[in-house]
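# Summary of structural features
Each chain, written out:
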Amino acid sequence: MSKTLGSARIRVMVIIASTRPGRLGPAVADWFVDVSRESAEHANAVLDVADLAEVGLPLLDEPEHPSSGRYVHEHTKAWSRRVAAADAFVVVTPEYNYAMPAALKNAIDFLYQEWAWKPVGFVSYGNTSAGTRGVQMTKQVVTTLKMVPIGATVALRIADSVENGIVRANESAVESARDVMLEVTRVAEALRPLREQGTGADLPDPQPSSDVRASTTIGEPPVPGLVLAAMRDSDWAELLVLQRCCWVQEALSNDTLDLPALHETVADVAAWDRTWQVWCVRREGRLVAAVRARAEGTVWEIGRLMVAPDLAGQGIGRWLLDYAERQAPQRTTTWSVFTGQRSDRNIALYKSVGYTVTRGPAPEGAVALTKSA
Ligand SMILES: Cc1cc2nc3c(=O)[nH]c(=O)nc-3n(C[C@H](O)[C@H](O)[C@H](O)COP(=O)(O)O)c2cc1C
């Protein structure tokens with residue numbers, strides 16, 4: 001697949017399925033990553049190697065069905081975030097007693113919607129059958145999660161391909177590995193609309209930290225087809241464009257161009273992640289709203305609440321603000337927002353949901369509004 005200028009990169013998660021001491025899995029994964037690297041670059045893909053031994057999930061210990069997206073354990077939330085961020089998977093797996101390793105089944109069972117509409121390829125290894133029976137079983141499992149197994153595959157017979165723990169596979173296996181990478185990224189690209197065009201009800205709530213003070217479920221979206229998710233790096237550029245559009249109105253209302261949101265770059269937006277939690281809302285693939293929040297002691301600061309101008313007035317801002325408020329940690333005593341002194345529309349929105357203008361410190365030309373818990 002040729003690169004498209006500006007297209008979002010495909011994130012391929014390479015899952016190492018075996019976890020036992022002395023396993024061959026990491027050596028097979030190293031070989032696959034090494035021989036398919038050029039194909040990944042050609043396909044504009046970035047790789048995330050997830051070694052299930054390091055991921056360290058216990059046996060499934062969540063009380064609710066994963067389709068609810070309501071997870072109580074931090075290990076599940078971390079796994080959820082990581083899998084949700086992937087666009088495609090390559091599973092590097094042996095077969096154990098003609099089946100997939102229990103660790104792989106367990107890691108799959110932990111989640112639900114995070115897997116949906118994403119292709120999966122396999123690099124199997126084993127004795128006579130080269131792990132292929134385990135792969136067949138895994139294919140049956142993943143289709144129930146709306147994952148899409150691809151046709152290209154690598155199947156290594158250990159006796160032919162491994163010497164002293166190092167994989168030395170033949171040229172045909174190397175070709176197959178490249179085919180897996182190319183096919184998985186092509187299918188990931190083709191499935192992108194399905195991943196992005198789900199409805200809010202289709203997708204899990206983004207996973208907040210474990211000590212949020214309120215219910216973390218998303219309220220009923222005011223407009224059909226809104227998909228709320230934590231910011232991903234593929235959102236940065238579009239988020240910057242949306243922010244500029246939205247802050248032009250701020251500039252007009254406040255009669256100044258001296259607004260940081262108008263001057264930020266993609267790198268600035270990318271850096272938000274370090275100090276803020278950021279959520280984006282898409283509709284039919286288009287980024288239409290966003291918000292960010294962070295804790296400062298007992299204050300939960302909410303900022304950069306933005307809604308595409310053509311969708312203003314439909315309740316999206318209020319809905320997103322409500323979601324951001326609910327993500328506050330338990331210790332929160334005050335919610336805080338800033339807006340332009342003359343941003344009447346924003347001030348009216350905040351007041352309508354209980355905020356009042358305070359004398360607290362605010363950037364020049366801005367006004368602070370707070371709400372008590
Ligand atoms: C519990 C267990 C069951 C196995 N069952 C099979 C099998 O059904 N078919 C096969 O080809 N190899 C089987 N093997 C041999 C594995 O292919 C070989 O040990 C391989 O290195 C396992 O992958 P790992 O080292 O990453 O754990 C089995 C190995 C183990 C430990």
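These remarks concern the structure in this document.

Conventions we followed
Residues numbered from 1 in each chain as written. Predicted model: local features only at pLDDT ≥ 70, side-chain atom pairs only at ≥ 80, totals over all residues. Heavy atoms only, no water. Helix = DSSP H or I, 4+ residues; strand = E, 2+ residues; numbered from the N terminus. Rg over C-alpha atoms; globule rule 2.2 N^0.38 Å. Buried < 20%, exposed > 50% of the residue type's maximum accessible area, 1.4 Å probe, protein only. Contact = heavy atoms within 4.5 Å. Near = heavy atom within 4 Å. Polar contact = N/O pair within 3.5 Å; in protein donor to acceptor, adjacent residues only side chain to side chain. Areas by Shrake-Rupley, 256 points an atom, 1.4 Å probe, with all protein chains shown as cover. Nonpolar A, V, L, I, M, F, W, Y, C, P; charged D, E, K, R; others polar. Pairing = 2+ DSSP bridges. Axes fitted to C-alpha atoms, helices over the stretch in contact; angles between N-to-C directions. Parallel < 35°, antiparallel > 145°, perpendicular 65-115°, else oblique. Phe/Tyr/Trp six-rings, centres within 6.5 Å; stacked < 30°, edge-to-face > 60°. Lys NZ or Arg CZ within 6 Å of the ring centre and 35° of its normal.

## Points about the overall build of the protein
Check the secondary structure of the protein and you find 12 helices and 14 strands. Here the C-alpha atoms of the protein give a radius of gyration of 23 Å, agreeing with the 21 Å that 2.2 N^0.38 yields for 373 residues. Across the 373 residues of the protein, 48% fall into the buried class. A sequence separation of at least 24 residues applies to 75% of the contacts in the protein between residues at least 6 apart.

## A few points about the site of the ligand
Close to the ligand lie 15 residues; Ser18, Arg20, Leu24, Tyr96 and Tyr125 are nearest. Serine 18 has a polar side-chain atom sitting 2.6 Å from an oxygen atom of the ligand. Taking tyrosine 125, its side chain carries an N or O atom lying 2.6 Å from an oxygen atom of the ligand. In isolation the ligand offers 610 Å² of accessible surface; the protein chains occlude 75% of this area. Residues that form the shell around the ligand fall into these classes: 6 nonpolar, 5 polar and 4 charged.

## Topic: the sheet that holds strand E13 (residues 356-358)
Judged by pairing direction, the sheet is mixed, and its 7 strands sit side by side in the order E8-E9-E10-E11-E12-E14-E13 without closing on themselves. In this open sheet, the two edge strands, each paired with only one partner strand, are strand E8 (226-230) and E13. Pairwise comparison of adjacent strand axes, ignoring direction, gives a mean angle of 30 degrees for this sheet. Pairing between strand E9 (residues 277-283) and strand E10 (residues 286-296): 7 bridges, direction antiparallel. Residue valine 281 lies in a different strand from E10, and its bridge partner there is alanine 289. Across the sheet, helix H12 (residues 344-352) is in contact with strand E11 (299-307), strand E12 (334-340), E13 and strand E14 (366-372); its angle to E12 comes to roughly 165 degrees.

## Some details on the packing of helix H4 (residues 102-109) against helix H5 (residues 132-143)
For the pair H4 and H5, interaxial distance at closest approach is 11 Å and the crossing angle is 10 degrees. Relative to H5, the element H4 lies roughly parallel. Side by side, H4 and H5 meet where Leu104, Lys105 and Ile108 of the first sit next to Thr138, Val141 and Val142 of the second. The class makeup of the residues in the contact of H4 with H5 is 4 nonpolar, 1 polar and 1 charged.

## Examining the pairing of E14
Judged by how many residues are buried, E14 sits mostly within the fold: 5 of 7 residues are covered. The pairing of E12 with E14 spans 7 bridges and is classified as antiparallel. Note on E14: the bridge partner recorded for tryptophan 335 is lysine 371. Where E13 meets E14, 3 bridges bridge the pair, whose relative direction is antiparallel.

## Quick notes on the environment of threonine 76
Looking at where threonine 76 falls in the secondary structure, it is placed in helix H3 (residues 74-85). If we ignore the near neighbours within four places in the chain, the residues touching threonine 76 are Glu62, Tyr71, Phe110 and Leu111. One polar contact links threonine 76 to glutamate 62, side chain to side chain, over a distance of 2.5 Å.

## Considerations on the sheet that holds strand E5 (residues 148-157)
Overall, parallel pairing links the 5 strands, which are arranged E2-E1-E3-E4-E5 in an open sheet. Whereas interior strands pair on both sides, the edge strands pair on one side only; in this sheet they are strand E2 (45-51) and E5. Strand after strand, the sheet turns through a mean of 20 degrees between neighbouring axes, direction not considered. Bridge analysis of strand E1 (residues 10-16) against E2 gives 7 bridges, and the strand direction is parallel. Of the residues in E2, the one forming a bridge with isoleucine 16 is aspartate 51. In the packing of H5 onto the sheet, the strands contacted are strand E3 (88-94), strand E4 (119-126) and E5, and the crossing angle to E4 comes to about 155 degrees.

## Observations regarding the packing of aromatic side chains
What the rule picks out here adds up to 4 aromatic pairs. With centroids separated by 5.0 Å and ring planes inclined at 55 degrees, the aromatic side chains of phenylalanine 89 and tryptophan 115 adopt a geometry described as tilted. Of this pair, phenylalanine 89 sits in strand E3 while tryptophan 115 sits in the loop between H4 and E4, placing them 26 residues apart in sequence. A ring pair is formed by tryptophan 279 and tyrosine 323, whose centres lie 5.7 Å apart and whose planes are at 85 degrees; its orientation type is edge-to-face. Separated by 44 residues along the polypeptide, tryptophan 279 in strand E9 and tyrosine 323 in helix H11 (residues 316-326) bring together distant segments of the chain. The pair tryptophan 279 / tyrosine 323 is uniform in exposure class, with both members buried. The rings of Trp79, Phe89 and Trp115 are connected pair by pair, giving a single aromatic cluster. When the ring centre of tryptophan 276 is taken as origin, the NZ or CZ atom of arginine 292, which lies over that ring, is 3.9 Å away. Over the aromatic face of tryptophan 335 sits the side chain of lysine 371, whose NZ or CZ is 6.0 Å from the ring centroid.

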